[in-house]
Amino acid sequence: MKLAANVTVLVIDDEEPVRQSIIAFLEDCDYQVFGAESGGEGLKIFHKEQPDVVLVDLRMPEMDGLQVLEAVRYVSPETPIIVVSGMGVIADAVEALRLGAWDYVIKPIQDMNILLHAIEKTLERRQLIEANRRYRDHLENEVAQRTKELHTANAEMAEINSRLRKMVATAMEISMSSKFEDFDAKFLEEFGRQMLASGGSLYLREKEGLHLVHSLDPGHAQEFIPFPLDEGSVLKRALDTGQPVLIQDIRAEKNFSTSGWGGYTDGSVLVFPLPDENGYAEGVLSLHSKTAPPFLEQDKEIGAVLASFGCEAMRAAEAARSLSESEETFRAISSSAQDAIIMIDNCGKISFWNEAAETIFGYSKDEVMGKDLHQLLAPARYKAAYEKGFSQFQHTGQGNVIGAIRELAALRKDGSEFPIELSLSSIKLHEQWHAVGVIRDITERKRAEEALRESEENLAITLKSIGDAVISTDTQGAVVRINPIAEIMTGWVEKEAVGKSLADVFHIIDGDTEESVENPADQVLRTGQNVALAKNTVLLARDGMKRQIADSAAPILDKEACIVGAVLVFRDVTEERKLQEQLRQSQKMEAIGQLAGGIAHDFNNILTAIIGNAQLLGEKVPPESEEASYVRELLNVADRASDLTRQLLAFSHKGNLVMRDINMHDVVAEAILMLRHSIGRGIKISESLEAESPIVHADSGQLQNAILNLGLNSRDAMPDGGNLQFVTRNFVADEDFCKLTADAIKPDLYLELEVTDTGGGMNAETMDRIFEPFFTTKPKGRGTGLGLPSVYSCIQSHQGCILANSELGKGAKFRIFLPVVTCPAQVESNEKIDRPIKGDGRVLIVDDEEIVRNFASDALSGLGYEVSTCADGQEAVDFYRTHYDDIDLVILDLVMPRLDGEKAFYEMKKINPDIRALVTSGFRHNSNTEALQMKGVSDFLDKPYRIEELSRAVAKYIKSNHM
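## Comments concerning the packing of aromatic side chains
Enumeration according to the criterion identifies 10 aromatic pairs in this entry. Seen in terms of ring centroids, Trp-353 and Phe-361 are 5.7 Å apart; in terms of plane orientation they differ by 45°. Their pairing is tilted. One exposure class covers both Trp-353 and Phe-361, and it is buried. For the ring pair Phe-361 and Phe-418, a centre distance of 5.8 Å and an interplane angle of 65° mean the geometry is edge-to-face. Taken together, the positions of Phe-361 in helix H10 (residues 355-361) and Phe-418 in strand S15 (residues 417-429) put the pair 57 residues apart, joining distant regions of the chain. The class for Phe-418 is buried, based on a relative accessible area of 3%. Feature note: the residues Trp-353, Phe-361 and Phe-418 constitute an aromatic cluster, connected by ring pairs. Note that Arg-412 overlies the ring of Phe-418, its terminal NZ or CZ placed 3.8 Å from the centroid. The ring of Phe-731 carries the charged tip of Arg-815 above its face, separated from the ring centre by 5.9 Å.

Set out below in structure tokens:
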């Protein structure tokens, strides 16, 4: 990579101060920098100076950064381009990276070292790309050299290849001309002939050993050699190594055993393993009794190639054998099948016709082969639909009838029409789509169905016994029959409904618009086709009750397939849809939660510095001064921002839960006390804490925040005053109740907290969205839309659930269910501190945020501690290595560059196993918390924190350190 002094950088930004600050910084770092205030000017400089790196803003007049990016990438795709922009739109960042940006730096740049780091990274990456190109050129030269050498070697192998070609040609001739049964024998015989060997055997591997397939000199080779093979066996050597074995004289070999047979003409042996397609030896071929001279290395090499080719030929022969067997099996199945099996080609011509087809349709095979199937066997009324569908099938192999079972009519040879059941599938042969149909004559089945249809008594029994609602009509759409389930759902009894128009009895509306929709029976009678109800169909019952319904309507046909009415089958899916909506809501909250976790760390770092410095400032001004009031207001605003972050993390399940066994009555009582101070006197708060088992395992702070959110939500619903009531009781949830919660909870004993107000209530549309993040009915500036979603997620994170019920003008009721702890540990309460705790000792503060580092240092120094600071984990480890004897406590941030807090702690613990460490973070996962606690971290302090919290944590562990 070039030295900085030789690297040129082009900065394109229409903001003069930003451009000049970047140029000044980079020139101080010994970079040669060019500046441009527009995209057009930047491109001119780029073409003239050819800079090493380009920094470009996204939003500029005339030509924006994305256009500059495209232009530069077009002429010089290897030039690194870094986008430096203040635009926070994710789509812009994604588009920039898609167009070839190497990095993305967000303005304002708080630390120019971030920009410097980005430039250095891109230069390193470019250097690697150039090195890779040089290495690729080197490899191409090496390949060229090796190719030249291979040409020389190939010339030397010409004679060998000539021999090999003759042997391969012979083997191919065998594979093409031999029968399946004698291929193996022919292969061994030709192999021996080409290798000038009069003796040899071919064995194939079985589960228990080697089976003799053929022998050139029968009488001495074993029919079966069981596993394990003898250690001195040449067959075992070939199978184990997967390589040919050449022995000049086995009688002189000490490492191999001989069979002792006296018929060998010499002692030379050549053995080849026979690999399958995966390289696994599936057999072995041995040769002996070679015409002088004995087998040579050249025989070994040529034989190995021939053996490999022979294996391929053997597999091809086996595949042909399997194909032949498959064809015979198919012929046997199709011949014995009771259903007609017919195949048509890409033009719709019949190409296969089994015996059952002859019986069913009356045509012999010779009469139909090559004929157009549809013209021969289908009624004329199907022609238009067939032509439309077949055109699609020819190009895609797809269609409405492909993969489905359809009932149709067909024609016999005598012209008579009869009902069939058709199952059709597609198959691609020679790049063209063919179809295979299985056709069943269902004449008898249709007769049985007609007999059942004509039996009114059987129909009545069936309608009364099924679980779905059923209504049938005549050809005019008047109700003929209605079963008991339909009576309940519509509110019409059969004697009142029969004879009325179905539209009167079965009144359906669109669930979104609440407008009436066409009756499905009318559609069936008009089209003769099945009709499915739309997903959002709502049944409006006689008493005004609304139910979401699903299912379909179908025509009723007589024996001549004429429509004599319609039947409607439907069911209540209201609860099913509610459960689906709850699932959708849960998924939406999880998506928003990802965003919350992403911003929490940086936001809480900022809040820590704001709160801490405000407190330090407050100590330096008189309590009653105007400046002190400004400080208090600043702290209040920071607390509100901190609460907003906690709400985001709460509903995303990403907050840091401090779980203890707590008395829920204490939490409720404290929340009510806080509410009395924050809501108007016109609202009366009452409580009835009746639960006999009030202990739950929970984060008291989060639960208290959830109760406060509910209370404040009720306050906003009662601007003119009203009643707000809190009630607790124990509740045993059974399986039916758990299903109502979409199985959010399991059957068990729960503490139920009921919060009821007498406000204006909510309509159904609002109720469907109350737990949706950022949804609010409050005026702009009055609500964030995070209150109820954070309550919902808080309760979920405690393995509980929350149910809401409200109607306009009738107030609202929220029911929270939390698992009861039947055998609680010691019930804990939160200890509060009003003022900072002073102390002494030496503290090392490690945080990459300078504003947080400075605040914590100033705060602890003011309380009497000796403080050292480090800006990242690696710096801290180096400092601790030389000063650990003097350091009483280390305060580590979790997320830092170079070396994060977790890794830094482990490195310090290697230096001093007795280290006391306090970990802080703006956002941490519980899994990290538990792992660090197990490794010895003393405690955690979540950001943002106040001086009082910091002093308490430090005093606790430094005090115990000095004991």
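That was the structure; now back to the text.
## Quick notes on the environment of Asp-602
For Asp-602, the position within the fold is in helix H20 (residues 574-618). The spatial distance from the C-alpha of Asp-602 to the C-alpha of Ser-921 is 9.4 Å, given a sequence separation of 319 residues.

## Topic: the environment of Asp-92
Mapping Asp-92 onto the fold places it in helix H4 (residues 90-98). Taking the relative accessible area as the measure of exposure, Asp-92 reaches 11% and is therefore buried. For the pair Asp-92 and Leu-66, spaced 26 residues apart in sequence, the C-alpha to C-alpha distance is 8.6 Å.

## A short note on the pattern of salt bridges
Inspection of every chain in the model, using the stated rule, returns 33 salt bridges. Of the charged contacts in the structure, one is a salt bridge between Asp-847 and Lys-943, with a shortest N-O distance of 2.7 Å. On the criterion of sequence distance, the pair formed by Asp-847 in the loop between strand S31 (842-846) and helix H27 (850-862) and Lys-943 in the loop between strand S35 (939-942) and helix H31 (947-962) is long-range, its members being 96 residues apart. Through salt bridges with shared partners, a single network forms among Asp-13, Glu-15, Asp-57 and Lys-107.

## Description of the nonpolar core
Judged by nonpolar contacts, the single largest core of 39 residues is most densely connected at Met-664, Val-696, Leu-703, Ile-707, Phe-726, Leu-753 and Phe-814. Of all the elements in the fold, those that place two or more residues in this core are helix H22 (664-678), strand S25 (683-689), strand S26 (695-698), helix H23 (700-717), strand S27 (722-733), strand S28 (748-757), helix H26 (787-797) and strand S30 (812-819). The element that contributes the greatest number of residues to this core is H22, accounting for 6 residues. In this view, Ile-707 contacts Met-664, Val-667, Val-668, Ala-671, Phe-726 and Leu-753; residues no more than four positions away in its chain are not counted. Within the second largest apolar cluster, 24 residues are counted, among which are Leu-860, Leu-863, Leu-941 and Ala-953.

## Focus: the environment of Ser-688
Tracing the chain through its elements places Ser-688 in strand S25. Between the C-alpha atom of Ser-688 and that of Val-727, which follows or precedes it by 39 residues, the distance is 4.7 Å. With near-sequence residues (within four places) excluded, Ser-688 lies in contact with Phe-726, Val-727 and Thr-728. Reaching out from Ser-688, the side chain makes a polar contact with the side chain of Glu-690 at a distance of 2.5 Å.

## Points about H23
Over its 18 residues, H23 runs 26 Å from end to end, which matches the ideal 26 Å to within 8%, given 1.5 Å per residue. Listed in full, the buried residues belonging to H23 are Ser-700, Gln-702, Leu-703, Gln-704, Ala-706, Ile-707, Leu-708, Asn-709, Leu-710, Gly-711 and Ser-714. Capping the start of H23 is the job of one residue whose side-chain oxygen sits 3.1 Å from the backbone nitrogen of Gln-702: Asp-699.

## Overview of a nonpolar patch on the surface
Together, Ile-606, Ile-610 and Leu-634 make up an exposed nonpolar region whose accessible area comes to about 220 Å². Take Ile-606: its relative accessible area is 42%, and that puts it in the partly exposed class.

## Digging into the packing of H22 against H23
Relative to each other, H22 and H23 sit at 40°, their axes nearing to 9 Å. In this view, H22 runs oblique relative to H23, as classed from their interaxial angle. For the pair H22 and H23, the sense of crossing is right-handed. Between H22 and H23, the residues in contact are Met-664, Val-667, Val-668, Glu-670, Ala-671, Met-674, Leu-675 and Ser-678 and Ser-700, Leu-703, Gln-704, Ile-707, Leu-708, Gly-711, Leu-712 and Arg-715, respectively.

## Focus on the pairing of strand S23 (residues 563-572)
Pairing geometry for strand S17 (residues 469-473) and S23, over 5 bridges, is antiparallel. Its bridge partner being in S23, Ile-471 is matched across the sheet by Leu-568. Two strands pair when backbone bridges link them, and strand S22 (residues 546-557) and S23 are joined in this way by 9 bridges, in the antiparallel orientation. Counterpart to Leu-557 in the pairing with S23 is Ile-563. With antiparallel pairing between neighbouring strands as the criterion, S22 and S23 make up a hairpin whose turn holds 5 residues, including Ala-561 at a positive phi of roughly 65°.

## Topic: unusual backbone geometry
In this structure, Pro-108 follows Lys-107 across a cis peptide bond, with omega equal to -5°. Checked against the element boundaries, Pro-108 lands in the loop between strand S5 (103-106) and helix H5 (112-156). A cis amide bond links Lys-943 to the next residue, Pro-944, at an omega of -5°. Even without being a glycine, Asp-30 presents a positive backbone phi close to 70°. Mapped onto the elements, Asp-30 comes out in the loop between helix H1 (16-28) and strand S2 (32-36). Backbone geometry places Gln-799, a non-glycine residue, at a positive phi of 60°. Looking at the element boundaries, Gln-799 is found in the loop between H26 and strand S29 (801-806).

## Observations concerning the sheet that holds S25
Ordered in space as S25-S27-S28-S30-S29, the 5 strands form an open sheet in which the pairing is mixed. Each end of this open sheet is capped by a strand with a single partner; those strands are S25 and S29. Direction aside, the axes of adjacent strands within the sheet are offset by 15° on average. Judged from the 7 bridges that link them, S25 and S27 form a sheet pairing that is parallel. Pairing of Ser-686 across the sheet is with Gln-725, part of S27. Contacts from H22 reach S25, S27, S28 and S30, with the element oriented near 170° to S25.

## What to know about the sheet that holds strand S11 (residues 281-290)
Pairing is antiparallel in the open sheet, where 6 strands are placed in the order S8-S7-S6-S11-S10-S9. Edge positions in the open sheet fall to strand S8 (224-226) and strand S9 (245-247), since each of these has one partner strand only. Averaged over neighbouring strand pairs, the angle between their axes works out to 20° when direction is ignored. Sheet analysis places S9 next to strand S10 (residues 269-275), joined by 3 bridges and oriented antiparallel. Looking at the pairing, Val-245 lines up with Val-271 of S10. In the packing of helix H8 (residues 234-241) onto the sheet, contacts are made with strand S6 (197-205), strand S7 (209-215), S8, S9, S10 and S11, and the angle to S11 comes to roughly 140°.

## Quick look at the packing of helix H28 (residues 873-883) against helix H29 (residues 901-911)
Across the interface, H28 lies against H29 with an axial gap of 9 Å and an inter-helix angle of 10°. Relative to H29, the element H28 lies roughly parallel. On H29, the residues that touch Gly-873, Ala-876, Val-877, Tyr-880 and Arg-881 of H28 are Ala-904, Glu-907, Met-908 and Ile-911. Looking at the contact of H28 with H29, its residues break down into 6 nonpolar, 1 polar and 2 charged.

## Details of the pairing of strand S12 (residues 340-344)
With 5 of 5 residues buried, S12 lies mostly within the body of the structure. Across the two faces of S12 the burial is the same, with Ala-340, Ile-342 and Ile-344 and Ile-341 and Met-343 all buried. Pairing of S12 with strand S16 (residues 432-441) involves 5 bridges; the strand directions are antiparallel. Counterpart to Ile-342 in the pairing with S16 is Gly-437.

## A look at the state of the cysteines
Tallied over the entire structure, the rule returns 0 disulfides. No disulfide involves Cys-738; its sulfur sits 8.0 Å from the nearest other cysteine sulfur, which is in Cys-801. For Cys-738, a relative accessible area of 2% translates into the label buried.

Cut-offs and rules
- Residues numbered from 1 in each chain as written.
- Predicted model: local features only at pLDDT ≥ 70, side-chain atom pairs only at ≥ 80, totals over all residues.
- Heavy atoms only, no water.
- Phe/Tyr/Trp six-rings, centres within 6.5 Å; stacked < 30°, edge-to-face > 60°.
- Buried < 20%, exposed > 50% of the residue type's maximum accessible area, 1.4 Å probe, protein only.
- Helix = DSSP H or I, 4+ residues; strand = E, 2+ residues; numbered from the N terminus.
- Lys NZ or Arg CZ within 6 Å of the ring centre and 35° of its normal.
- Salt bridge = Lys/Arg side-chain N within 4 Å of Asp/Glu carboxyl O.
- Core = buried A, V, L, I, M, F, W, Y, C linked by side-chain atoms within 4.5 Å.
- Contact = heavy atoms within 4.5 Å.
- Polar contact = N/O pair within 3.5 Å; in protein donor to acceptor, adjacent residues only side chain to side chain.
- Expected span 1.5 Å × (residues − 1).
- Patch = residues over 30% accessible without salt bridge, like charges linked within 9 Å, V, L, I, M, F, W, Y side chains within 5 Å.
- Areas by Shrake-Rupley, 256 points an atom, 1.4 Å probe, with all protein chains shown as cover.
- Axes fitted to C-alpha atoms, helices over the stretch in contact; angles between N-to-C directions.
- Parallel < 35°, antiparallel > 145°, perpendicular 65-115°, else oblique.
- Left-handed = near helix turned anticlockwise from the far one by under 90°.
- Pairing = 2+ DSSP bridges.
- Nonpolar A, V, L, I, M, F, W, Y, C, P; charged D, E, K, R; others polar.
- Disulfide = S-S within 2.5 Å.

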